[in-house]
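Fold and geometry: a report
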Amino acid sequence: MLTEYIISETEKLADKYGTKDPYLICAARGIKIRRMDLKRKLKGYYFYMSRIENIVIDENLPDIFCRILVAHELGHAVLHRRTAMMKGFTELDIPLSYDKEDSMERDANLFAAELLLDDEEVASLLKEHTFFETASLLGVPAANVIVGGQSSLQLMYDAIAKALLLGVYGGSKPWGK
């Protein structure tokens, strides 16, 4: 999926519901969020059953990480609903390759980063703080990158890399130019 399309969809959603809070958007869309013990085998997943959209998040995860997962799974609800009608999504993963399955995870990660991170705030904080200080100030669990390599800090990194290479939605040029 094109980055511009994902950014546009995220902006439309935020404008429609007047918020970028993934919990409030899910409530407004009628998406049920449940926390269950997933035995740490899965962090969360989105599924569509009997015309009801559902997000399930592992109850063993810290709240700050759950917010990121809800945003990620909301990305699947917005971007990949038709696919989810046939099968569920079961992982938050940063793709190393870009086959069709991985690209859906990448799309959901980009959606979550666009929803949760304000480009101007990130850029402003990075001018005055280190990468890890910025993560802390934004409420992003930096330790997850060090431990597992799959976290919201990666989302933040992806968002910053995108802004440096491609620019931000509505911006006149990439940050790196």
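Residues numbered from 1 in each chain as written. Predicted model: local features only at pLDDT ≥ 70, side-chain atom pairs only at ≥ 80, totals over all residues. Heavy atoms only, no water.

1. Looking at the overall build of the chain
Within the chain, the secondary structure is distributed over nine helices and three strands. Ordered by position from the N terminus, the helices and strands of the chain form the series α-α-β-β-β-α-α-α-α-α-α-α. Going through the 177 residues of the chain one by one, you find that 46% of them count as buried. Considering only intrachain contacts with a sequence separation of at least 6, the fraction spanning at least 24 residues in the chain is 52%. Looking at the chain as shown, the accessible area adds up to about 9,700 Å², and 54% of this sits on carbon and sulfur atoms. (Helix = DSSP H or I, 4+ residues; strand = E, 2+ residues; numbered from the N terminus. Buried < 20%, exposed > 50% of the residue type's maximum accessible area, 1.4 Å probe, protein only. Contact = heavy atoms within 4.5 Å. Areas by Shrake-Rupley, 256 points an atom, 1.4 Å probe, with all protein chains shown as cover.)

2. A look at the sheet that holds strand 3 (residues 52-58)
Judged by pairing direction, the sheet is mixed, and its three strands sit side by side in the order 1-3-2 without closing on themselves. At either end of the open sheet lies a strand with only one pairing partner, and these are strand 1 (32-36) and strand 2 (44-49). If you compare each strand with its neighbour and ignore which way they point, the axes differ by 25 degrees on average. Relative to strand 3, strand 1 is paired through five bridges, and the arrangement is parallel. In the strand pairing of strand 3, Arg-35 is matched with Ile-57. (Pairing = 2+ DSSP bridges. Axes fitted to C-alpha atoms, helices over the stretch in contact; angles between N-to-C directions.)

3. Details of helix 1 (residues 3-17)
Its 15 residues place the ends of helix 1 21 Å apart at the C-alpha level, agreeing with the 21 Å of an ideal helix rising 1.5 Å per residue. Three or more residues of helix 1 are buried, namely Thr-3, Ile-6, Ile-7, Ser-8, Glu-9, Thr-10, Leu-13 and Ala-14. Looking one or two residues past helix 1, Gly-18 carries a phi angle of roughly 70 degrees, positive in sign. (Expected span 1.5 Å × (residues − 1).)

4. Let's talk about the nonpolar core
As a rule of thumb, soluble globular proteins bury nonpolar side chains together. Core analysis: the largest hydrophobic core is formed by 25 residues, its most contacted members being Ile-55, Leu-74 and Phe-111. Put simply, the parts of the chain that give this core at least two residues each are helix 1, helix 2 (22-29), strand 2, strand 3, helix 3 (63-79) and helix 5 (100-116). Ranked by residues supplied to this core, first place goes to helix 3 with ten residues. Among all residues touching Phe-111, those that are not within four sequence positions of it are Ile-6, Thr-10, Leu-13, Ala-71, Leu-74, Gly-75, Val-78 and Leu-79. (Core = buried A, V, L, I, M, F, W, Y, C linked by side-chain atoms within 4.5 Å.)

5. A closer look at the pattern of salt bridges
Across all of its chains, the model carries five salt bridges by this definition. With its nearest N and O atoms 3.0 Å apart, the salt bridge here joins Lys-12 to Glu-9. Highlighted residues: Lys-12 and Glu-9, both in helix 1, separated by three residues, approximately one helical turn. On the basis of relative accessible area, Lys-12 is assigned to the partly exposed category, the value being 49%. For Glu-9, a relative accessible area of 16% translates into the label buried. Among the salt bridges present, the one from Asp-107 reaches Arg-106, with a minimum N-O distance of 3.5 Å. By relative accessible area, Arg-106 is classed as partly exposed at 25%. (Salt bridge = Lys/Arg side-chain N within 4 Å of Asp/Glu carboxyl O.)

6. Quick notes on the packing of helix 1 against helix 3
It is at 11 Å that the axes of helix 1 and helix 3 come closest, and there the two elements cross at 100 degrees. By the angle class used here, helix 1 and helix 3 are roughly perpendicular. When helix 1 is examined against helix 3, the residues Tyr-5, Ile-6, Glu-9 and Leu-13 are found in contact with a partner set consisting of Leu-74, Val-78 and Leu-79. Here the contact of helix 1 with helix 3 is composed, by residue class, of six nonpolar, no polar and one charged. (Parallel < 35°, antiparallel > 145°, perpendicular 65-115°, else oblique. Nonpolar A, V, L, I, M, F, W, Y, C, P; charged D, E, K, R; others polar.)

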